[in-house]
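Residue-level structure breakdown
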Amino acid sequence: MSDGIGLNIRRVVLDVDKALKVPTLLEIGAAIHNSPGVRAFNITVTEVDQETMGTSITIEGEQIDYDALVRAIESSGAVVHSLDELVAGDRIIDYVPRAR
């Protein structure tokens, strides 16, 4: 684990953009699958324009190596724009929206 902080990262949600043709979702998926600590992932297309495709990627596992994960995604040709959710610790806690 090289997150630099010593967290047991269990889930990350990333905002990732890619060109329309390359890399394919399968190529990005293979890069994610081969990253340390990853047990499962979901890639959802959120936007498509003339040149790019926006995706939201949810990755779950145990002791996920965040730095290696970002390097793998970016080496496939995609771009990580932001970390939108981070879950770490002994178990996964789901987000519960506050009632206002």
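Rules and cut-offs
Residues numbered from 1 in each chain as written. Predicted model: local features only at pLDDT ≥ 70, side-chain atom pairs only at ≥ 80, totals over all residues. Heavy atoms only, no water. Buried < 20%, exposed > 50% of the residue type's maximum accessible area, 1.4 Å probe, protein only. Helix = DSSP H or I, 4+ residues; strand = E, 2+ residues; numbered from the N terminus. Contact = heavy atoms within 4.5 Å. Pairing = 2+ DSSP bridges. Axes fitted to C-alpha atoms, helices over the stretch in contact; angles between N-to-C directions. Salt bridge = Lys/Arg side-chain N within 4 Å of Asp/Glu carboxyl O.

1. Observations regarding helix 2 (residues 66-75)
Looking only at helix 2, the buried set comprises Ala-68, Leu-69, Val-70, Ala-72 and Ile-73. As for helix 2, its buried residues are in contact with strand 1 (9-19), helix 1 (25-33), strand 2 (38-48), strand 3 (52-61) and strand 4 (79-88). Directly beyond the C-terminal end of helix 2, a positive phi value near 115° is found at Gly-77.

2. Overview of the environment of Glu-47
Among the secondary structure elements, Glu-47 is positioned in strand 2. Overall, the relative accessible area of 58% leaves Glu-47 in the exposed class. Sequence separation between Glu-47 and Leu-86 is 39 residues; the distance between their C-alpha atoms is 22 Å.

3. Observations concerning the sheet that holds strand 3
A sheet is described by the order of its strands in space; here four strands give the open sequence 2-3-1-4, paired in antiparallel fashion. The two strands at the open ends of the sheet, each matched to only one other strand, are strand 2 and strand 4. Neighbour-to-neighbour, the strand axes of the sheet open up by a mean angle of 15°, direction not taken into account. Against the sheet, helix 1 engages strand 1, strand 2 and strand 3, with an angle of about 150° to strand 2. Contacts from helix 2 reach strand 1, strand 2, strand 3 and strand 4, with the element oriented near 20° to strand 1.

4. Describing the pattern of salt bridges
Applying the stated criterion across every chain yields a total of five salt bridges. Measuring nitrogen to oxygen at the nearest pair gives 3.5 Å for the salt bridge that ties Arg-11 to Glu-85. Of this pair, Arg-11 sits in strand 1 while Glu-85 sits in strand 4; the two residues are 74 residues apart in sequence, bridging distant segments of the chain. A salt bridge links Glu-62 to Arg-39; the shortest N-O distance between them is 3.9 Å. Here the residue Glu-62 occupies a position in the loop between strand 3 and helix 2, and Arg-39 occupies one in strand 2, the gap between them amounting to 23 residues. Judged by relative accessible area, Glu-62 falls into the partly exposed class, the value being 33%. Linked through salt bridges whose partners overlap, the residues forming this network are Arg-11, Glu-60, Glu-85 and Asp-94.

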